[in-house]
Amino acid sequence: MSTSRTDLAALLGSLYVTAAPHLQGDPVVVSTGMATKSCAHNAELPASPLNDRLLGFQRAGVAFALEARRCIIGHDMGLGKTVQAIATLAATPAPTPALVVCQPNLVLNWVREFAKWAPAMRIAVITGQTPGELPDAEVLIIGDSVLWHWHETLIAADPSAMVIDESQRMKSRGAKRTKAALEISRKMKSDALIMLLTGTAIKGTNSELLSQLTILGVEEHFGGISGFMDRYMPKVDRFARESANTVELFERLSDSIYARLEFEEVKYQFEAMGISTPGTPLRQAIPVEMTGTYAKQYTAARDDLREFLVATRGERRADSAMRAEALTRLGVLRHLIGLAKVDGTVAHVKNMVEDGEQVIVFAWHRDVVDAIVEALSVKHTVGKIYGGIKVEAVEETKAAFQAGDLDVIVLNIEAGATGHTLTASARVVFNEFAWSPSDMAQCEARANRLGQDRTVLSHWMTGANGVETIDERLVEIINDKAIITNATLNGRLDETMIQTDSVANALLYWAEFG
């Protein structure tokens with residue numbers, strides 16, 4: 001049960017004014033009646049060199065943020081959420097610094113974007129896990145991996161604004177980056193600007209919004225944590241919950257804190273400027289024969305998982321350790337099929353390269369990325385991107401690919417789904433799949449974005465061995481989840497909407513009964 005600010009006021013009486021900011025933050029006034037502004041294609045802003053360079057819908061995004069103060073800019077990928085944030089910060093000078101929180105591999109990109117759009121602003125980057133004196137700057141940029149280490153120092157600096165890029169990464173309340181962002185936001189003044197940037201505020205279920213709403217300080221507007229869950233993520237049995245009332249949630253978000261535009265709605269503004277715009281990727285599932293030792297191991301692991309699930313059927317729901325074991329075995333199965341497809345994927349990519357194409361390949365597991373790189377490097381120039389590679393090396397790899405010096409670039413899905421422009425290629429290949437449709441679309445958008453003048457072909461390499469595989473079932477689940485997320489993010493309910501359990505639950509059901 002959550003405790004609202006109203007409850008605290010009744011409980012603490014005159015002490016509330018002193019205590020509340022340290023418990024939950026000052027009460028935030030939530031603007032409403034914003035629905036028309038949340039999807040506006042233009043707005044008036046004070047004339048400035050930066051504002052005059054913005055497209056109409058980008059000016060509207062800035063205007064929305066300035067009025068709402070606490071908001072999510074949820075525009076489609078490629079619509080310039082970064083520049084809207086920079087323009088908003090430039091329009092709100094303050095005596096204390098603004099904070100930009102982003103993925104570690106995107107810090108350099110933010111530095112470059114500030115240099116491009118607001119070169120007069122003084123920018124500094126915070127690095128390392130040992131807090132020290134903050135540099136004298138108008139904007140402090142920090143990777144979310146070290147945010148926890150610096151959060152007390154940043155709170156002491158009394159930030160005037162906070163921008164969180166790819167805020168869907170804050171969905172887990174237990175993650176240190178989320179805890180740090182919550183601590184910082186709770187100590188910021190009630191009228192401080194907090195801006196979350198994400199084209200995919202949820203990837204699977206409505207509950208992923210809760211941490212983001214709490215960082216904004218507006219969760220009470222949606223019934224508090226328990227009220228939100230009861231209305232938009234209710235229980236369907238003792239253990240499971242499902243997304244519900246998604247269109248209503250979209251309407252409430254849009255009327256208060258959520259600005260959302262899809263690319264098709266505003267692409268006319270790019271075209272009027274002579275900027276080429278991408279179309280919808282053409283997706284195709286490519287069956288891949290599973291080969292070698294890993295194929296045999298996959299079959300054995302599949303049978304082993306089914307036997308385990310049947311044997312523990314009556315106990316698993318009540319025994320967290322048994323469920324954890326089931327999920328571990330499911331992860332092994334997913335890993336093995338990724339390895340078993342490497343030969344087929346490599347052969348497919350080689351054919352594309354021989355046809356004169358540059359190719360972008362995505363995989364989930366690091367050893368799968370390495371295996372693909374090793375196999376392709378025998379005859380082709382290949383680069384790779386995954387977590388832990390230095391930002392400078394990542395930028396060099398991307399630049400080489402964009403310049404045509406690399407035939408193939410292979411990316412880990414988590415590290416490669418955002419922040420990279422790879423429009424030199426219009427061919428995307430997935431050796432492994434993410435567990436959400438939005439992650440798949442994010443990966444495709446590395447090629448399918450502004451500046452792409454060809455139709456992007458997206459090939460989903462699907463393991464096949466004569467019996468339905470985890471790949472084939474996962475593709476079905478991803479398509480089901482796409483219907484659910486579309487309803488919340490865009491306010492459209494598909495008549496064929498299918499409510500599914502979590503991906504893990506659905507795959508476990510498939511493994512046991514499929």
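Structure: see above.
The structure displayed is predicted, hence computed values, not measured ones.

### Looking at the nonpolar core
The biggest cluster of nonpolar side chains holds 44 residues, and the ones touching the most others in it are Tyr298, Ile360, Phe362, Phe430, Phe433 and Ile470. Beyond its immediate stretch of four places on either side in the chain, Tyr298 contacts Met290, Leu333, Leu336, Ile337, Asn465, Thr469, Ile470 and Trp510.

### Some words on the sheet that holds strand E5 (residues 161-165)
Read from one edge to the other, the open sheet built from seven strands follows the order E3-E4-E2-E5-E6-E1-E7, with strand pairing classed as parallel. The sheet is open, and its two borders are formed by strand E3 (123-126) and strand E7 (258-259), each paired with just one other strand. Direction of pairing for E5 relative to strand E6 (residues 193-197): parallel, over a ladder of five bridges. Residue pairing across strands places Val163 opposite Met195, the latter belonging to E6.

### Observations concerning the packing of helix H10 (residues 224-232) against helix H11 (residues 246-254)
At a minimum axis distance of 10 Å, the contact between H10 and H11 shows a crossing angle of 135°. When the axes of H10 and H11 are compared, the pair comes out oblique. Contact residues: Phe228, Arg231 and Tyr232 in H10; Glu248, Leu249 and Arg252 in H11.

### Considerations on the pairing of strand E2 (residues 98-102)
Counting buried residues in E2 gives five out of five residues, a clear majority hidden from the surface. Residues of E2 alternate between two faces, with Ala98, Val100 and Cys102 on one and Leu99 and Val101 on the opposite face, all of them buried. In the sheet, E2 pairs with strand E4 (residues 139-143) via five bridges, with the strands oriented parallel. Bridged to Ala98 within E4 is Val139. One ladder, built from four bridges, connects E2 with E5; its direction is parallel.

### Some thoughts on the packing of aromatic side chains
To describe a pair of aromatic rings, one takes the distance between the centres and the angle between the planes. In this structure the tally under the stated criterion is eight aromatic pairs. Seen from their ring centres, Trp110 and Phe114 are 6.0 Å apart, and the 40° between their planes marks the pair as tilted. Here Trp110 pairs with Phe114, and both are found in helix H6 (residues 107-117), just four residues apart, close to one helical turn. Each member of the pair, Trp110 as well as Phe114, is classed as buried. For the ring pair Phe228 and Tyr232, a centre distance of 5.3 Å and an interplane angle of 55° mean the geometry is tilted. Here the residue Phe228 and the residue Tyr232 both occupy positions in helix H10, the gap between them amounting to four residues, near one helical turn. Here Phe228 matches Tyr232 in class, with each residue buried.

Rules behind the numbers
- Residues numbered from 1 in each chain as written.
- Predicted model: local features only at pLDDT ≥ 70, side-chain atom pairs only at ≥ 80, totals over all residues.
- Heavy atoms only, no water.
- Core = buried A, V, L, I, M, F, W, Y, C linked by side-chain atoms within 4.5 Å.
- Buried < 20%, exposed > 50% of the residue type's maximum accessible area, 1.4 Å probe, protein only.
- Contact = heavy atoms within 4.5 Å.
- Pairing = 2+ DSSP bridges.
- Helix = DSSP H or I, 4+ residues; strand = E, 2+ residues; numbered from the N terminus.
- Axes fitted to C-alpha atoms, helices over the stretch in contact; angles between N-to-C directions.
- Parallel < 35°, antiparallel > 145°, perpendicular 65-115°, else oblique.
- Phe/Tyr/Trp six-rings, centres within 6.5 Å; stacked < 30°, edge-to-face > 60°.

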